[in-house]
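The lines below spell out each chain.
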Amino acid sequence: MDMTPEHWRGSQAYLDEVFGDADDEHLRTLMPRAVAAGLPDIAVSPSVARFVGLLAHLATHHPRSTGRVLEVGTLAGYSGIHLARNLRPGATLTTIEFEPKHAAFARAAFDAAGVGARVDIVVGAALDVLPRLARAFGDGSLDMVFLDATKVEYPRYLDLVTPMLRPGGILAADNILGSHWWITDPPGSSPERDAMDRFNRGLATSGHFQSAGVFAEHGIVIGLRTDK
């Protein structure tokens, strides 16, 4: 049986129910409170947030762990809380947010979730901040990177974060299949669609990663850095 849009929506709702935040009032109510405060309702779904948190656990509990995870796109701190809660003891999350209002909301959310001490929010444009972090952290300094920011910038993000990932480090990126656009739209139909297609194909053919796309919500890609 082919999956209809109704099947897809129902399956996503099922995953969010089973693997979501029903027992965590802070996380369950975070995005409704963020939207009420004027932030856009564009966070990852509960099941996707749980998934990237699991990746952070795997990455930072590895014998070669550097103890550092990077997120590009903080928003209200929803995915960042999942990342931070899964870090090994002593590890830290650095998360980049362009909008000061969003960063301030996220800071309060991190503190309320009990992870504020292990999270550093850097306010600024990602393409400006990433080169500075690359100089400060150095090559091979990251266990994991999670991308969920400006879609047209994803190909450049890939160029900038790849040297920062250690061998065996994990790259994860959200919205590889769509948002207000879809990857099945014709080439040239939107800058976001075309940029994400370049990003996906660039990661898939990169000599630095083994990678796979996952059909979850709007699509996630996971790349494992495998070169030396």
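What comes next concerns the included structure.

### Overview of the pattern of salt bridges
Reasoning step 1: Counted according to the given criterion, the structure contains nine salt bridges.
Reasoning step 2: Close ionic contact of Asp143 with Arg166 constitutes a salt bridge, the shortest N to O distance being 2.6 Å. Taken together, the residues Asp143 in strand 4 (residues 142-147) and Arg166 in strand 5 (residues 165-174) connect sequence positions 23 residues apart. This pair shows no difference in class: Asp143 is buried, exactly as Arg166 is.
Reasoning step 3: Three or more residues joined by partner-sharing salt bridges are found here, namely Arg193, Asp194, Asp197 and Arg201.

### What to know about helix 3 (residues 46-60)
Reasoning step 1: Across its 15 residues, helix 3 extends 21 Å between first and last C-alpha, which sits within 8% of the 21 Å expected from 1.5 Å per residue.
Reasoning step 2: Among all positions of helix 3, only Ser47, Val48, Ala49, Val52, Gly53, Leu55, Ala56, Ala59 and Thr60 are buried.

### What to know about the pairing of strand 5
A regular strand places its side chains so that they alternate between the two faces of the sheet.
Reasoning step 1: With respect to burial, strand 5 is a largely interior element, eight of its 10 residues being buried.
Reasoning step 2: Of the strand pairs in this sheet, strand 4 and strand 5 are connected by five bridges, and their pairing is parallel. Paired with Leu147 across the two strands is Ala173, which belongs to strand 5.
Reasoning step 3: One crossover worth recording links strand 4 to the parallel strand 5 by way of helix 7 (residues 154-161), and it is right-handed.

### Some words on the environment of Gly53
Reasoning step 1: With respect to the helices and strands, the residue Gly53 is situated in helix 3.
Reasoning step 2: Expressed as a C-alpha distance, the spacing of Gly53 and Asn86, which sit 33 residues apart in the sequence, is 5.8 Å.
Reasoning step 3: Excluding its chain neighbours within four sequence positions, the residues that come into contact with Gly53 are His82, Leu83 and Asn86.

### Considerations on the environment of His82
Reasoning step 1: By the secondary structure assignment, His82 is in helix 4 (residues 78-85).
Reasoning step 2: In this view, His82 contacts Asp21, Leu27, Ala49, Arg50 and Gly53; residues no more than four positions away in its chain are not counted.

### Section: helix 2 (residues 25-36)
Reasoning step 1: Taking 1.5 Å of rise per residue, 12 residues should cover 16 Å, and helix 2 covers 16 Å from first to last C-alpha, within 8% of that figure.
Reasoning step 2: Of the residues making up helix 2, those classed as buried are His26, Leu27, Leu30, Met31 and Ala34. The buried residues of helix 2 occupy an angular sector of 130 degrees when projected down its axis, which confines them to one face. In this structure, helix 2 carries Glu25, Pro32 and Ala36 as exposed residues pointing more than 90 degrees from its buried face.
Reasoning step 3: Tucked inside the fold, the buried residues of helix 2 contact helix 4 and helix 5 (100-112).
Reasoning step 4: The residue sitting at the N-terminus of helix 2 and contributing the capping side-chain oxygen is Asp24; that oxygen lies 3.2 Å from the backbone nitrogen of His26.

### A look at unusual backbone geometry
Reasoning step 1: Even without a glycine there, the phi angle at Leu75 is positive, about 55 degrees.
Reasoning step 2: Positionally, Leu75 belongs in the loop between strand 1 (68-72) and helix 4.
Reasoning step 3: For Leu75, a relative accessible area of 12% corresponds to the buried category.
Reasoning step 4: The phi dihedral of Asn175 is positive, around 65 degrees, even though this residue is not glycine.
Reasoning step 5: With respect to the helices and strands, the residue Asn175 is situated in the loop between strand 5 and helix 8 (191-204).
Reasoning step 6: The class for Asn175 is buried, based on a relative accessible area of 6%.

### Notes on the sheet that holds strand 6 (residues 209-214)
Reasoning step 1: Here we have seven strands laid out as an open sheet, ordered 3-2-1-4-5-7-6, and mixed in their pairing. Bordering the open sheet on either side are strand 3 (119-123) and strand 6, each of which pairs with just one other strand. Each strand of the sheet is rotated relative to its neighbour by a mean of 15 degrees, with strand direction disregarded.
Reasoning step 2: Where helix 5 meets the sheet, it contacts strand 2 (92-97) and strand 3, and its direction lies at approximately 170 degrees from that of strand 3.

What counts and how
Residue numbering note: each chain is counted from 1, following its sequence as written. The predicted nature of this model means local features are confined to residues of pLDDT at least 70 and side-chain atom pairs, given and counted, to a pLDDT of 80 or more, with totals for whole chains, interfaces and linings taken over all residues. Only hydrogens and water are set aside when side-chain values are computed; all heavy atoms of the structure are taken into account. Any carboxyl oxygen of Asp or Glu that lies within 4 Å of a side-chain nitrogen of Lys or Arg is treated as forming a salt bridge with it. Here a helix means four or more residues in a row that DSSP labels H or I, a strand means two or more in a row labelled E, and each is numbered from the N terminus. Partly exposed describes any residue whose relative accessible area lies between the buried limit of under 20% and the exposed limit of over 50%, with all areas from a 1.4 Å probe on protein chains only and scaled to the type maximum. To estimate how far a helix should reach, multiply one less than its number of residues by 1.5 Å. Strand pairing follows a simple DSSP-based rule, namely that at least 2 bridges must link the two strands. Assignment of crossover handedness uses the view with strands pointing away from the viewer, where a clockwise path from the first strand over the helix to the second indicates a right-handed crossover. Contact between two residues is taken to exist if any of their heavy atoms lie within 4.5 Å; hydrogens are not considered. It is the directions from the helix axis to the C-beta atoms whose arc is reported. Identification of polar contacts relies on pairs of N or O atoms within 3.5 Å, with a donor-acceptor requirement for protein atoms, meaning one able to donate a hydrogen and the other able to accept it, and with residues adjacent in sequence counted only if both atoms are side-chain atoms. Comment: axis = line fitted to C-alpha atoms, over the contacting stretch for helices; angle = value between 0 and 180 degrees taken between N-to-C directions.

Take it as geometry only, folks, not as evidence of what the structure does.
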